[in-house]
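Here are the chains, one letter per residue:
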Amino acid sequence: MSSPPQTRKFRSEVQALRALAVLLVLVYHIDPEVLPGGYIGVDVFFVISGFLITGHLWREASTTGSVSLKKFWAARARRILPASIVTTVGVIVLAQLLLPRSLVENWWHQAIASIFYVENWALANDAVDYQAASNDPTAFQHFWSLGVEEQFYLVWPLLVLLAVVLWRRARRVATSPNPQVLRGLLLVVFCLVGLASFVWGVQQSLAGDPVAYYSTFTRVWELAAGGILALVIRDTARWAPLRNTLAIFGVAIIVVAACVLDDATPFPGTAALLPTLGACAVIAAGRTSGAGSMRAIVETWAVQRVGDISYSLYLWHFPVVVYFGIYTGRDPGVTDVLAMLVVSVALAVASYTLVEQPVRRSQWFRADGRMLVAALVSMALVAGLAATLPLKIRATNEQWDQNASLISGQEGERVAEALQTGFVPFVGGDTAMKPNPLKADYDKGETLGRCLGSAAGPATEPCEYGETENPTATIAVVGDSHAGVLAGPVIAVAKERGWRVLTYLHGSCPFTADRRADGDNGLVEGCAESNARTRDELRELDPDLVVTTYLERTKFEGLPEEKQPGAAGLAEVWNELADRGTRVVVVRDNPLARSDVMECVSDNYATPEKCGKPRAEAFAGRDVVPAAAELAPRAKIVDLSERYCDDTVCPAVIGNVLVYRDDHHVTRTYMAQLTDDLRKALPKQPAR
């Protein structure tokens, strides 16, 4: 059997690419405004992994006629697992000591997902859940890319084995075995997989599917690109000028992508070609030399050492950034940035020196079977450690559940008394609140659970409530998730009065003729299409009454000559309804809470007055609705601000009821206390 051409065992250009990739990601996570597209460093890592792993599998398969899965997976565990396990343990221990109670549950779930390398799918699930998508990032969130790679490592050698089986069958009829046949089979398999993944990724990204960013299926083409490259390139010292140009071009593409892409770019789609092709270009150029070579930079001690520690630096930098955000609550200044860089690098060097290298060199871990057993045992043990996180809040949770039960059924009386006595947090001598702040995220009502359309999707499916057989009137509740919160008391009033209610709710999508000016492209396009469909459905439904509200901090494109962008778009849909005889009630949005309101209340359960927000700040930037009301005078504007705030502050707890479940959504429990106000505000006989 002929041997394939020998390739260099160490590639300094790959180490330099690793250094560039991790620095892009690090800068992006510390300050996205500096490198808004720095997240593409992950895509560079994907190409490198695909290139190195495929090269290893190809050399083994072409020389031995097979691939040892046991050997391959043990080598991956030896390389990846020790540093990730140590990082995970460190983050869990710090979480036990420092993590605010309100964050424990989400961190626990993501810790488990990270340990078993399915964090990408956990985040994809959260991305689909509009409410979960607003959660703050955990110190495990960056493990999503490791999940993609580990899932690739599970499947990729199986594809190689498939090609080997086909090759063996071909060898039985061939006069002499030819490794080039195997190479061709692998190229066909990898190209088909890569093309299918690329097409799927483009389609899902353009469609605004929130799963697209984290999905293995939309990312595997980037790893496949590196794999295809491993099969086709040859190391050579020839064509130095061309290779020098190729390397510079590749680096330039990556850097430009990091500068011009941002969070609004549909990704991974065609935009992901930039970092992918850039990384492929640098690897294909190989070790350059002569005039125009970047070798003097690539092979410097600093660049190579950053490449060495890149994996550990990737693992440790994000927990440092997240913990900084949790405990300062502010954007980092220059000194903060330098401190985070120093701490991240120090942890990475320690991890590389004391964990990565010793395990890779240890004779004890050289036995493949022993390594795999050690990997499974360590993952199980760390999962057990992660399972202790909820113990931190179990006793507190039980006590606060009991407290919530204590006031159940008395919410109306307690809130009414509190509003009359200065918006006090507790009345009746009970230091108790409902809902339990650790479970506030679940206090969102039925409409948000099953009737809220996906933020980036185009569809808004209506839900039906109230009297459906012989209604005295038909009303519609239209808008974003804030309209979904409002729908609860509206439905309660409708049931009393024999009305039929249809909800048209779409996450992050105010009901307007204008386009949003904030949010990613998928969200903006999905909202615009959803509103167009909802307007058509309302024309057909011809309701007697429409009730609407929205998150008033949302920004709109508006008209060029508009003094208040967004006002004309709101007025247009309100007037359109009024022209057909539909009454329109616009409920002003609730005030905003502190960004850390849940953490604050959880940490100050007995003194939640510390967690209020100044009234002026809570109602800042709310000029669009008044401007729209002037353009649509037939719309009735209902303002319930006095139910949330006194003259100076908007409290987080009023009369033993928790007002907010995040920084802008009101709890179902508190919104229910506004039913009487809405009963008075809604027309008693909306039918025409």
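Residues numbered from 1 in each chain as written. Predicted model: local features only at pLDDT ≥ 70, side-chain atom pairs only at ≥ 80, totals over all residues. Heavy atoms only, no water.

### Observations concerning the confidence of the model for the chain
Then, number 1: Mean pLDDT over the chain works out to 91, with 95% of the residues at or above the 70 mark.
Then, number 2: For the stretch residues 1-5, pLDDT sits under 50, and the model shows 10 contacts to residues farther than four places along the chain or on other chains. (pLDDT = per-residue confidence, 0-100. Contact = heavy atoms within 4.5 Å.)

### Comments concerning empty space enclosed by the protein
Then, number 1: Considering all chains together, one arrives at four cavities of 30 Å³ or more under this definition.
Then, number 2: Taken as a whole, the largest cavity holds about 90 Å³ of empty space.
Then, number 3: Lining of the largest cavity is provided by H482, L486, T549, V587, R588, D589, N590, L640, Y644 and M671.
Then, number 4: Here the lining of the largest cavity is composed, by residue class, of five nonpolar, three polar and two charged. (1 Å grid on protein atoms, 1.4 Å probe; cavity = no way out; pocket = protein on both sides within 12 Å on 5 of 7 lines; lining within 4 Å. Points joined across faces, edges and corners; volume = space filled by probe spheres on them. Nonpolar A, V, L, I, M, F, W, Y, C, P; charged D, E, K, R; others polar.)

### Let's talk about helix α17 (residues 391-407)
Then, number 1: If you check α17, its first and last C-alpha atoms are 26 Å apart, about what 17 residues at 1.5 Å a residue would give, namely 24 Å.
Then, number 2: When α17 is considered as a whole, its buried residues turn out to be I393, T396, N397, W400, N403, A404 and I407.
Then, number 3: In the core, the buried residues of α17 are packed alongside α4 (104-115), α18 (411-420) and α23 (597-603).
Then, number 4: Looking one or two residues past α17, G409 carries a phi angle of roughly 90 degrees, positive in sign. (Helix = DSSP H or I, 4+ residues; strand = E, 2+ residues; numbered from the N terminus. Expected span 1.5 Å × (residues − 1). Buried < 20%, exposed > 50% of the residue type's maximum accessible area, 1.4 Å probe, protein only.)

### Notes on the environment of V220
Then, number 1: With respect to the element layout, V220 can be found in helix α9 (residues 220-232).
Then, number 2: Taking relative accessible area as the criterion, V220 reaches 14% and is therefore assigned buried.
Then, number 3: The sequence separation of V220 and R539 amounts to 319 residues, and the corresponding C-alpha distance is 45 Å.
Then, number 4: The contact partners of V220, leaving out residues within four places of it in the chain, are F152, V193 and S197.

### Focus on the packing of aromatic side chains
Then, number 1: Counting across every chain of the model gives 22 aromatic pairs.
Then, number 2: Pairing W121 with F217 gives two aromatic rings, centres 5.7 Å apart and planes at 55 degrees, and the pair type is tilted. Remark: F217 occurs in the loop between α8 (179-206) and α9 and W121 occurs in helix α5 (residues 119-128); sequence separation between them is 96 residues.
Then, number 3: What links up through ring pairs into an aromatic cluster is the set Y28, Y39, F46, W144, Y213, Y214 and F267.
Then, number 4: One Lys or Arg, R370, reaches over the ring of W364 and ends 4.8 Å from the middle of that ring. (Phe/Tyr/Trp six-rings, centres within 6.5 Å; stacked < 30°, edge-to-face > 60°. Lys NZ or Arg CZ within 6 Å of the ring centre and 35° of its normal.)

### Here's the deal with the nonpolar core
Then, number 1: Counting residues in hydrophobic clusters, the biggest one holds 168 residues, and the most contacted among them are I40, W107, I283, Y644 and Y670.
Then, number 2: Top contributing element to this core by residue count: helix α7 (residues 143-173), with 12 residues.
Then, number 3: With residues near it in sequence (within four places) discarded, Y644 still touches F423, N590, P591, C650, P651, I654, V659, V666, Y670, M671 and L674.
Then, number 4: Grouped together as the second largest cluster of nonpolar side chains are 22 residues, A571, V573, A628 and A632 included. (Core = buried A, V, L, I, M, F, W, Y, C linked by side-chain atoms within 4.5 Å.)

### Description of the pattern of salt bridges
Note on pairing: side chains with opposite charge can pair once their charged atoms come close.
Then, number 1: For the coordinates displayed, the defined rule picks out 32 salt bridges.
Then, number 2: One salt bridge in this structure joins E552 and R588, with 2.9 Å as the shortest N-O distance. On the criterion of sequence distance, the pair formed by E552 in the loop between β5 (545-549) and α22 (567-579) and R588 in the loop between β6 (583-587) and α23 is long-range, its members being 36 residues apart.
Then, number 3: Taken together, the shared-partner salt bridges connect R535, D536, R539, E572, E576 and R580 into one network. (Salt bridge = Lys/Arg side-chain N within 4 Å of Asp/Glu carboxyl O.)

### Structural notes on the side chain of N120
Then, number 1: With respect to the helices, strands and loops of the structure, N120 is situated in helix α5.
Then, number 2: For N120, a relative accessible area of 0% translates into the label buried.
Then, number 3: In this structure the side chain of N120 is engaged in a polar contact, spanning 3.0 Å, whose partner is the side chain of T216.
Then, number 4: Sequence-distant contacts of N120, that is, excluding residues within four places in its chain, are made with W144, G147, V148, Q151, Y214, S215 and T216. (Polar contact = N/O pair within 3.5 Å; in protein donor to acceptor, adjacent residues only side chain to side chain.)

### Topic: the state of the cysteines
Chemically, a disulfide is nothing more than a covalent bond linking the sulfur atoms of two cysteines.
Then, number 1: Overall, the coordinates contain four disulfides when judged by the stated rule.
Then, number 2: Between the sulfur of C451 and that of C463 lies a disulfide, 2.1 Å long from S to S. Linking C451 and C463, the disulfide has an S-S dihedral of approximately -110 degrees and is accordingly described as left-handed. With a gap of 12 residues between them, C451 in the loop between α19 (446-450) and β1 (452-453) and C463 in strand β2 (residues 463-466) connect regions that are remote in the sequence.
Then, number 3: Given a relative accessible area of 2%, C451 falls into the buried group.
Then, number 4: Residue C463 is classed as buried on the basis of its relative accessible area, which comes to 8%.
Then, number 5: The side chain of C600 participates in a disulfide bridge whose partner is C611; the two sulfur atoms lie 2.1 Å from each other. In this structure the cystine formed by C600 and C611 twists about its S-S bond by roughly -85 degrees; its chirality is therefore left-handed. Taken together, the residues span a long stretch of sequence, with C600 in helix α23 and C611 in the loop between α23 and β7 (613-614) at a distance of 11 residues. Neither C600 nor C611 differs from the other in exposure class; each is buried.
Then, number 6: If the cysteines joined by disulfides in the chain are listed in sequence order, their pairing comes out as 1-2, 3-4, 5-6, 7-8. (Disulfide = S-S within 2.5 Å.)

### Description of a nonpolar patch on the surface
Then, number 1: On the surface, a nonpolar cluster with roughly 470 Å² of combined accessible area is contributed by V93, L94, L97, L98 and Y327.
Then, number 2: Sort the elements by how many residues they give to the nonpolar patch and helix α3 (residues 69-98) lands first, with four residues.
Then, number 3: Within the secondary structure, L98 sits in helix α3. (Patch = residues over 30% accessible without salt bridge, like charges linked within 9 Å, V, L, I, M, F, W, Y side chains within 5 Å. Areas by Shrake-Rupley, 256 points an atom, 1.4 Å probe, with all protein chains shown as cover.)

### Digging into the environment of I115
Then, number 1: Topologically, I115 is positioned in helix α4.
Then, number 2: Given a relative accessible area of 4%, I115 falls into the buried group.
Then, number 3: Considered as a pair, I115 and G457 are 342 residues apart in the sequence and their alpha carbons are 31 Å apart.
Then, number 4: Filtering out sequence-adjacent residues up to four positions away, I115 remains in contact with T88, M379, V382, A383 and A386.

### Some thoughts on helix α13 (residues 301-308)
Then, number 1: When we look at burial in α13, the residues that qualify are V303, Q304, G307 and D308. The buried residues of α13 all sit within an arc of 140 degrees when viewed along its axis, so they share a single face.
Then, number 2: Residues of α13 that are buried make contact with α1 (12-30), α12 (295-298), α14 (310-328) and α15 (334-361). (Arc of directions from axis to C-beta.)

### Considering unusual backbone geometry
Then, number 1: With an omega of 0 degrees, the peptide bond running from F267 to P268 counts as cis.
Then, number 2: The topology assignment puts P268 in the loop between α10 (240-260) and α11 (273-285).
Then, number 3: The omega torsion of the bond from K434 to P435 falls at 0 degrees, within 30 degrees of zero and hence cis.
Then, number 4: For W239, which is not glycine, the phi dihedral falls at a positive 55 degrees.
Then, number 5: Tracing the sequence through the fold places W239 in the loop between α9 and α10.
Then, number 6: Residue classification places W239 among the exposed positions, given a relative accessible area of 52%.

### Brief notes about the side chain of R588
Then, number 1: The exposure class assigned to R588 is buried, which follows from its relative accessible area of 14%.
Then, number 2: In this structure the side chain of R588 is engaged in a polar contact, spanning 3.2 Å, whose partner is the backbone oxygen of R622.
Then, number 3: Those residues in contact with R588 that lie beyond four places of it in its chain are T549, E552, R622, V625, P626, I637, V638 and D639.

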